[in-house]
Amino acid sequence: GGEVDAELELLTRASPQVPTVDVRVQCRYASPPPPRRLALDPDTLWFGPAGHPATPASARRKVEPADITQTLRDLGEPARYTQLRHHLMARAACSKRTAQLAVTAACAHGAIIRHDDRYGLPS
């Protein structure tokens, strides 16, 4: 195959109210491809093709429920939220936001429970 000599020319927001961006490419020796619209997935904070079904969240999670339960066991439950989040970030090498989303999802699914400002495993 041949190499394509292209540069990213423009990245613009389609609308301030809609979490999408348009990507335009400029090719040196060929006509440019049509612009691509990418949409932001608010749960994962990843951009993907707008209008396409998202990849299942379980296929792209950095923090699995097992990471959270093992972290609580390692800390000796119950653990404070900031302590749990900090240890999850270190265990999974993830951002603060990813750890926060994982803790919220684990609570919503009953994998962990919250009592006051402390988190633990269900009885």
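Provided above is the structure to which this section pertains.
About the cut-offs
Residues numbered from 1 in each chain as written. Predicted model: local features only at pLDDT ≥ 70, side-chain atom pairs only at ≥ 80, totals over all residues. Heavy atoms only, no water. Helix = DSSP H or I, 4+ residues; strand = E, 2+ residues; numbered from the N terminus. Buried < 20%, exposed > 50% of the residue type's maximum accessible area, 1.4 Å probe, protein only. Contact = heavy atoms within 4.5 Å. Areas by Shrake-Rupley, 256 points an atom, 1.4 Å probe, with all protein chains shown as cover. Salt bridge = Lys/Arg side-chain N within 4 Å of Asp/Glu carboxyl O. Pairing = 2+ DSSP bridges. Arc of directions from axis to C-beta.

Further remarks concern the overall build of the protein. Helix and strand counts for the protein stand at three helices and seven strands. Mapped from its N terminus to its C terminus, the protein presents α and β elements in the order β-β-β-β-α-β-α-α-β-β. Classification of the 123 residues of the protein by burial places 22% in the buried group. Within the protein, counting contacts between residues at least 6 apart in sequence, those at least 24 apart form 28% of the total. With the model as given, the accessible surface of the protein reaches about 8800 Å², and the carbon-plus-sulfur share is 54%.

Before going further, it helps to spend a moment on the pattern of salt bridges. Per the stated rule, a full pass over the model turns up three salt bridges. Salt-bridge contacts for aspartate 22 lead to arginine 37; the nearest nitrogen and oxygen are separated by 2.7 Å. Of the two residues, aspartate 22 sits in strand β2 (residues 18-27) while arginine 37 sits in strand β3 (residues 36-41), which places them 15 residues apart along the sequence. Since its relative accessible area comes to 11%, aspartate 22 is described here as buried. What makes arginine 37 partly exposed here is its relative accessible area of 44%. Between aspartate 117 and arginine 80 there is a salt bridge; the shortest N-O distance is 3.0 Å. On the criterion of sequence distance, the pair formed by aspartate 117 in the loop between β6 (113-115) and β7 (118-120) and arginine 80 in strand β5 (residues 79-80) is long-range, its members being 37 residues apart. Its relative accessible area of 37% is what places aspartate 117 among the partly exposed residues.

It is worth spelling out unusual backbone geometry at this point. The phi dihedral of alanine 93 is positive, around 50°, even though this residue is not glycine. Mapping alanine 93 onto the fold places it in the loop between α2 (81-92) and α3 (96-108). Look at alanine 93 and you get exposed, because its relative accessible area is 63%. Despite not being glycine, aspartate 116 shows a phi value in the positive range, around 60°.

Turning to the sheet that holds β6, a few remarks are in order. Hydrogen bonds along the backbone pair up the strands of a sheet, which may run parallel or antiparallel. Here we have three strands laid out as an open sheet, ordered β5-β7-β6, and antiparallel in their pairing. Where the open sheet ends on each side, the last strands, each with one partner, are β5 and β6. Here β5 runs beside β7; their pairing, made up of two bridges, is antiparallel. Bridge assignment links alanine 79 to a residue of β7, and that residue is tyrosine 119.

It is worth spelling out helix α1 (residues 65-75) at this point. Residues of α1 that are buried: Ile68, Thr69, Thr71 and Leu72. Viewed end-on, α1 has its buried residues packed into an arc of 155°, placing them on one side of the element. Exposed and facing more than 90 degrees away from the buried side of α1 are Ala66, Arg73 and Asp74. Along its buried surface, α1 packs onto β5, α2, α3 and β7. Following α1 by one or two positions, glycine 76 has its phi on the positive side, about 75°.

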